[in-house]
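Descriptive analysis of the structure
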Amino acid sequence: MTTPTPAPTRMEIQITGIRKHVAECVTETAGKACGIRSSVWEAPTQLNHWIRAHAGETGHTKYKKHTEEPVSTSPKRAE
Ligand SMILES: [Zn+2]
């Protein structure tokens, strides 16, 4: 499925919340990724604790760290 590329607009993008951090285990076992995700935290240091604990329990070795940030758009004000 393809969608047409929208024409560029002058939208403001504003961060509306706190940046959150989540870790995901992407270790593949028998051709299938583990896929387990940690809780979502406001501090990235928690991710390492979660990864160490999961690695200790499972022996899994490959992870991704994600950050997410809520934003909203609004039309750019005329000058
Ligand atoms: Zn895992």
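Computed from a prediction, not measured in an experiment: that's the story for all the values here. (Residues numbered from 1 in each chain as written. Predicted model: local features only at pLDDT ≥ 70, side-chain atom pairs only at ≥ 80, totals over all residues. Heavy atoms only, no water.)

1. Overview of helix H1 (residues 45–58)
Basically, it comes down to this: Labels follow the DSSP assignment, with helices taken as runs of H or I lasting at least four residues and strands as runs of E lasting at least two, numbered in each case from the N terminus. One fewer than the residue count of a helix, multiplied by 1.5 Å, yields its expected span. Using a 1.4 Å probe on the protein chains alone, a residue whose accessible area is under 20% of its type maximum counts as buried, one over 50% counts as exposed, and one in between counts as partly exposed. For this quantity, the arc is that covered by the directions from the helix axis to the C-beta atoms. Contact definition: two residues touch when any of their heavy atoms are within 4.5 Å.
End to end, H1 covers 21 Å across 14 residues, agreeing with the expected 20 Å (1.5 Å per residue, within 8%). When H1 is considered as a whole, its buried residues turn out to be Leu47, Trp50, Ile51 and His54. One side of H1 holds all its buried residues, which, seen down the axis, span an arc of 100°. Seen from the buried face of H1, the exposed residues on the opposite side, beyond 90 degrees, are Thr45, His49, Arg52 and Gly56. The secondary structure elements touched by the buried residues of H1 are strand E2 (20–25) and strand E5 (63–68). One or two steps after H1, the chain reaches glycine 59, where phi turns positive at roughly 80°.

2. Details of the coordination of the zinc ion
Using the following cut-off: For Na, K and Ca the donor cut-off is 3.2 Å, and for all other metals it is 2.8 Å, counting N, O and S atoms only; because water is absent from this set, sites may look incomplete.
Bound to the zinc ion on the protein side are Cys25 (SG), Cys34 (SG), His54 (NE2) and His60 (ND1), at distances that span 2.0 to 2.4 Å. Along the chain, the residues donating to the zinc ion are arranged with the sequence spacing C-x8-C-x19-H-x5-H. Here cysteine 34, found in the loop between strand E4 (32–33) and H1, pairs with histidine 54, found in helix H1; they are 20 residues apart in sequence, far enough to count as distant. Take cysteine 34: its relative accessible area is 24%, and that puts it in the partly exposed class.

3. Some details on a nonpolar patch on the surface
Filter applied, for reference: Residues enter patches when their relative accessible area tops 30% and they take part in no salt bridge; the joining distance is 9 Å for like charges and 5 Å for the nonpolar side chains Val, Leu, Ile, Met, Phe, Trp and Tyr. Using a 1.4 Å probe, the Shrake-Rupley method yields the accessible areas, and only the shown protein chains count as cover for residues. Between Lys or Arg on one side and Asp or Glu on the other, a salt bridge is scored when a side-chain nitrogen of the former is within 4 Å of a carboxyl oxygen of the latter.
Taken together, the side chains of Ile13, Ile15 and Val71 define a hydrophobic patch exposed on the protein surface, amounting to about 300 Å² of accessible area. Looking at valine 71, the relative accessible area reads 46%, which means it is partly exposed.

4. What about the nonpolar core?
Defined as follows: Residues belong to one nonpolar core when they are buried, are Ala, Val, Leu, Ile, Met, Phe, Trp, Tyr or Cys, and are joined through side-chain atoms within 4.5 Å.
Of all hydrophobic cores here, the largest spans 6 residues; its members are Ala23, Cys25, Leu47, Trp50, Ile51 and Tyr63. The biggest single contributor to this core is H1, with 3 residues.

5. Regarding the pattern of salt bridges
Pairing between side chains of opposite charge can happen when the charged atoms of each approach one another. According to the stated counting rule, one finds 2 salt bridges in the structure shown. Among the salt bridges present, the one from arginine 19 reaches glutamate 69, with a minimum N-O distance of 3.0 Å. Of this pair, arginine 19 sits in the loop between strand E1 (11–15) and E2 while glutamate 69 sits in the loop between E5 and strand E6 (71–75), placing them 50 residues apart in sequence. The class of glutamate 69 is partly exposed, set by a relative accessible area of 33%. Taking the shortest distance from any N to any O, the salt bridge between arginine 37 and glutamate 24 comes out at 3.8 Å. With arginine 37 in the loop between E4 and H1 and glutamate 24 in strand E2, this pair connects stretches of sequence that are 13 residues apart.

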